[in-house]
Amino acid sequence: MNIRKLAWKNLFRRKSRAVFTGLGIFLGIGTFVAISSITMRMEGAVRDKLDKFGANILVTPRTEQLSLGFGDISLGGTQVAHARLTGEDERSIRSIALSDRLRMVVPYFLTAADTSGKNLVWMGIRPKDIVESRPWWKVQGAELSAPGEILLGSEAAVALDKGPGGTVESGGKTFRVAGVLQPTGEKEDGMIIAGLDDVRLLAGSPDGVTFFEVAALCKDCPVEGIVAEIGTKLPGAKVSAIRSVVESRKAAVDQFRRLGFGVSAIVLTIGGLMVFVTIMGNVQERTREIGILRAVGFRKRSIRALLFWETGWIALAASVSGGILGSVAAFAGAPLFGAERGRIEVLPILVGTAIGLALGLLGTLPPSRRAAALSPTEAIRSL
Amino acid sequence: MSFITLENVSMTYGSNGTRTTALSGVSLSIGEGEYAVITGESGSGKSTLLCLLGGLQLPTEGRISISGTDLSTFSADNLAGFRGRTIGFVFQAYHLLPYLTARENVMVPMAIDKKSSREKIERAYTLLESVGLSGKEERLPSQLSGGECQRVAIARALVHDPPILLADEPTGNLDSATGDQILDLFSKLHGAGKTILMVTHNRWNIERGTRSVLLRDGRIAEDNPLRPVHRASRPAVPAQAGG
């Protein structure tokens, strides 16, 4: 027999009270763990999507705005590039120290060319890069597979009045329309997409690159570090991280997290108050028992320890079971919040258990002090 | 030689408006191995005296010392430790914890001791055997008779082998035959050298002691030595509680 065992025995004496004491913690930790797990899954989903879809770094030639005019007459302005990008720059990008974090480096070449009587923009891209860099493209017809084949943006197809299997003329060459892109709402709707080398030849720039899209693996990736390294390798280039999408999605997740933690905090506060009220009532009910223990030599700290052990057992059981329930709820409910089911997150359970235990013990602090302060004579009224 | 000494002890409850004096200027000296029986009407101050003697509270005036140690020098926690080692309590209503077995109840005072579980269990078995409860160690209080519960309470009081036993109407809830058995147990413990202070209303219990102290209105009205009678012959009283 020791204090721990004495506390354990007392729990089974008042099962319903023990359950009620733990209920607040159980619900609070359940909510906390469910929200934490779902938030983690959502953050993971955002990162996965960023990794899967598109680039997060853009490399373009550094340009300067040049004003043109004569005297007071303004002729507008033009952008002047300091240096042009070439195919050689792709090797420089891939040689950075953080190259293991690069998922893809895709060169693009843009040019305007007369196409069957219409002046349209051509986008050159290696056919093999399309799947990874533009996974949202949906093609009616076939993908690019050979030189001389093109894809038409939806608006370009209307302008040229061409569809899959048709042909267009440009630069004295005939190109076969392999497919037509479904509308994307982006600029490529009005473009002609062709193999990188075809477009370079069309523009007479066999090694030219208009810009690079770089996709870094973004789970905890140091995008800023990668941007800086590429900037060092390509001093004539402007390297910028595409942040808007990341930040808007993160903002949504953060908002959800704040709301969730707010709800958890309210439930946990109620849980803490439930512990406080029930343990205070428990002390009141057990005044005589506490008096007996004091009479047989229990010190104040022994009484406090007894109550802390009792609540500790309850809080531990409630936290662990609440954590498991929260995890299962998160696992089942993750798809409702746009996250994949994935696996059970252990970290929220551990953190939740620690919070639940702390909360239980915190709620016991005032009642335990009150119990310890009880005079043995007041406690044993029959004496 | 004086073992327990009360010097001009007074005990007042309440604040200015509602002051109640439970004990007033009580001086008493009890020698080691004495068996003092404290009697008195309700409200005479018996309970207060027992609380003070047991170190459950400290007097508002005067000084109490046990074995030469002034109780007022202790902090509340140290007093609890002293109490645990020096004084065993036996209550009228047994005050056993209902969710613990007889053995576990006896082990309760040892819950704060740094002894091995095996030592504690052995001690509990030995004590229960000494009070005649062999074979009933694993019964809950609800499965024991009143007399058996009181025996468990006595065994619990003896856990730390205290030199002093304080008993508050230990036979108050028992029929006369069972009460006699409990008193026999006290006589046996007295014979083994324990100092016993017993509060009682029952005049037959007085005869078991070596000294009778009568309290009246918070003061000692009589203090007489007695010749102990180990088996008082008293008229049969119908049983009030199971024994």
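Residues numbered from 1 in each chain as written. Chains lettered and ligands numbered in written order. Predicted model: local features only at pLDDT ≥ 70, side-chain atom pairs only at ≥ 80, totals over all residues.

**Student:** Which parts of the structure should I look at to understand the overall build of chain B?
**Tutor:** For chain B, the count of helices and strands is seven helices and ten strands. Within chain B, the proportion of its 243 residues that are buried is 49%. For chain B, contacts bridging at least 24 residues in sequence account for 69% of all contacts bridging at least 6. (Helix = DSSP H or I, 4+ residues; strand = E, 2+ residues; numbered from the N terminus. Buried ≥ 20, exposed ≤ 12 C-beta atoms within 10 Å, placed from the backbone. Contact = placed C-beta atoms within 7 Å.)

**Student:** Is there a simple way to explain the interface of chain A and chain B in this structure?
**Tutor:** The parts lose accessible area when they come together, and the size of an interface is often stated as this lost area. Each partner contributes to the interface: chain A provides 24 residues, whereas chain B provides 29 residues. Counting only elements with at least two residues in the side of chain A that touches chain B, the list comes to helix H1 (3-13), helix H9 (287-295), helix H10 (300-333) and helix H12 (376-379) of chain A. Looking at the side of chain A that touches chain B, its residues break down into ten nonpolar, seven polar and seven charged. (Nonpolar A, V, L, I, M, F, W, Y, C, P; charged D, E, K, R; others polar.)

**Student:** Would you take a moment to explain unusual backbone geometry for this structure?
**Tutor:** For A:Ser116, which is not glycine, the phi torsion reads 50° and is therefore positive. Its place among the elements puts A:Ser116 in the loop between strand S5 (102-115) and strand S6 (118-125). Look at B:Tyr94: it is not a glycine, yet its phi comes out positive at around 65°. Relative to the elements of secondary structure, B:Tyr94 occurs in the loop between strand S6 (87-90) and helix H3 (102-107).

**Student:** Which parts of the structure should I look at to understand the sheet that holds strand S1 (residues 2-13) of chain B?
**Tutor:** Residue and element names in this part refer to chain B. Taken together, the four strands give an open sheet; going across it, the order is S2-S1-S4-S5, and neighbouring strands pair in antiparallel fashion. Looking at which strands have only one partner, the edges of the open sheet turn out to be strand S2 (20-31) and strand S5 (69-70). Here S1 runs beside S2; their pairing, made up of eight bridges, is antiparallel. For threonine 5, the partnering residue across the bridge sits in S2 and is serine 29. (Pairing = 2+ DSSP bridges.)

**Student:** Would you mind going over the packing of H1(A) against H10(A) with me for this structure?
**Tutor:** When two helices pack together, you describe them by how their axes are tilted relative to each other and by the distance separating the axes. All names here are of chain A. In the contact formed by H1 and H10, the axes pass within 8 Å of each other and the chain directions differ by 55°. Viewed along their axes, H1 and H10 adopt a mutual orientation that is oblique. The chirality of how H1 crosses H10 is right-handed. Contacts between H1 and H10 pair Ile3, Arg4, Leu6, Ala7, Trp8, Asn10 and Leu11 from the former with Ser302, Ala305, Leu306, Trp309, Glu310, Trp313 and Ile314 from the latter. When its residues are assigned to classes, the contact of H1 with H10 shows ten nonpolar, two polar and two charged. (Axes fitted to C-alpha atoms, helices over the stretch in contact; angles between N-to-C directions. Parallel < 35°, antiparallel > 145°, perpendicular 65-115°, else oblique. Left-handed = near helix turned anticlockwise from the far one by under 90°.)

**Student:** Can you walk me through the sheet that holds strand S10 (residues 219-225) of chain B in this structure?
**Tutor:** Strand pairing in a sheet takes place through backbone hydrogen bonds and is either antiparallel or parallel in direction. Residues and elements named next belong to chain B. Pairing within the open sheet is mixed, and its six strands lie in the order S6-S7-S8-S3-S9-S10. Looking at strand neighbours, the two that pair on one side only are S6 and S10, the edges of this open sheet. Here the average twist between neighbouring strands, direction ignored, is 15°. As paired elements, S6 and strand S7 (residues 164-168) share four bridges and run parallel to each other. Note on S7: the bridge partner recorded for valine 90 is alanine 167. Helix H1 (residues 46-53) rests against strand S3 (35-40), S7, strand S8 (195-199) and strand S9 (211-216) of the sheet, and its axis sits at about 155° to S8.

**Student:** Quick question: what am I supposed to make of the nonpolar core here?
**Tutor:** Proteins that are soluble and globular tend to have nonpolar side chains buried together. With 118 residues, the main nonpolar core has B:Ile38, B:Val106, B:Val152, B:Ala153, B:Leu166 and B:Leu197 as its most contacted residues. In contact with B:Ala153, not counting residues within four places along its chain, are B:Val90, B:Phe91, B:Tyr94, B:His95 and B:Leu96. Grouped together as the second largest cluster of nonpolar side chains are 42 residues, A:Val59, A:Ile125, A:Leu202 and A:Leu234 included. (Core = buried A, V, L, I, M, F, W, Y, C linked by C-beta atoms within 7 Å.)

**Student:** Can you help me understand the packing of helix H5 (residues 146-157) of chain B against helix H6 (residues 176-191) of chain B in this one?
**Tutor:** Residues and elements named next belong to chain B. For the pair H5 and H6, interaxial distance at closest approach is 9 Å and the crossing angle is 15°. Here H5 lies roughly parallel to H6, going by the angle between them. Crossing angle aside, the handedness with which H5 passes H6 is right-handed. Taken together, the residues of H6 that come into contact with H5 (itself represented by Gly146, Gly147, Gln150 and Ile154) are Thr178, Gln181, Ile182 and Leu185.

**Student:** Please clarify how the pairing of strand S11 (residues 191-195) of chain A should be interpreted in this entry.
**Tutor:** On a regular strand, one side chain projects to one face of the sheet and the next to the other, so that they alternate. Residues and elements named next belong to chain A. Burial within S11 is extensive, with five of its five residues counted as buried. Of the pairings in the sheet, the one linking strand S8 (residues 149-152) to S11 comprises three bridges and is antiparallel in character. Looking across to S11, one finds that leucine 151 is bridged to isoleucine 193.

**Student:** Explanation requested: the pairing of S8(B) in the structure shown.
**Tutor:** All names here are of chain B. In terms of burial, S8 is largely enclosed, as five of its five residues are buried. Burial along S8 is two-sided: Thr195, Leu197 and Val199 facing one way and Ile196 and Met198 facing the other are all buried. One ladder, built from five bridges, connects S7 with S8; its direction is parallel. Looking at S8, one finds that isoleucine 164 is bridged to threonine 195. The handedness of the S7 to S8 crossover, carried by H6, is right-handed. (Right-handed = clockwise from strand over helix to strand, strands pointing away.)

**Student:** Where do I start with the confidence of the model for chain B in this structure?
**Tutor:** Atomic detail in the predicted coordinates should be set aside for any region of low pLDDT. All names here are of chain B. Summarising the model, chain B shows a mean pLDDT of 84, and 92% of its residues fall at 70 or more. Confidence scores differ between elements of chain B, with helix H7 (residues 203-206) showing the lowest mean pLDDT of 76 and H3 the highest of 93. Taken as a whole, residues 231-243 scores under 50 in pLDDT and shows 21 contacts with residues more than four places along the chain or in a different chain. Per the prediction output, this complex has pTM 0.64; the corresponding ipTM is 0.80. (pLDDT = per-residue confidence, 0-100.)

**Student:** So what exactly am I meant to see when it comes to H1(A) here?
**Tutor:** Each full turn of the α-helix corresponds to 3.6 residues, which orients residues three or four apart in the same direction. Taken as a whole, H1(A) has its buried residues at A:Ile3, A:Leu6, A:Ala7, A:Asn10 and A:Leu11. The buried residues of H1(A) occupy one face: seen down the axis, they fall within an arc of 145°. (Arc of directions from axis to C-beta.)

**Student:** What is the right way to look at the environment of A:Ala372 in this model?
**Tutor:** Relative to the elements of secondary structure, A:Ala372 occurs in helix H11 (residues 346-373). A C-alpha to C-alpha distance of 9.7 Å links A:Ala372 and A:Leu307, two positions 65 residues apart in sequence.

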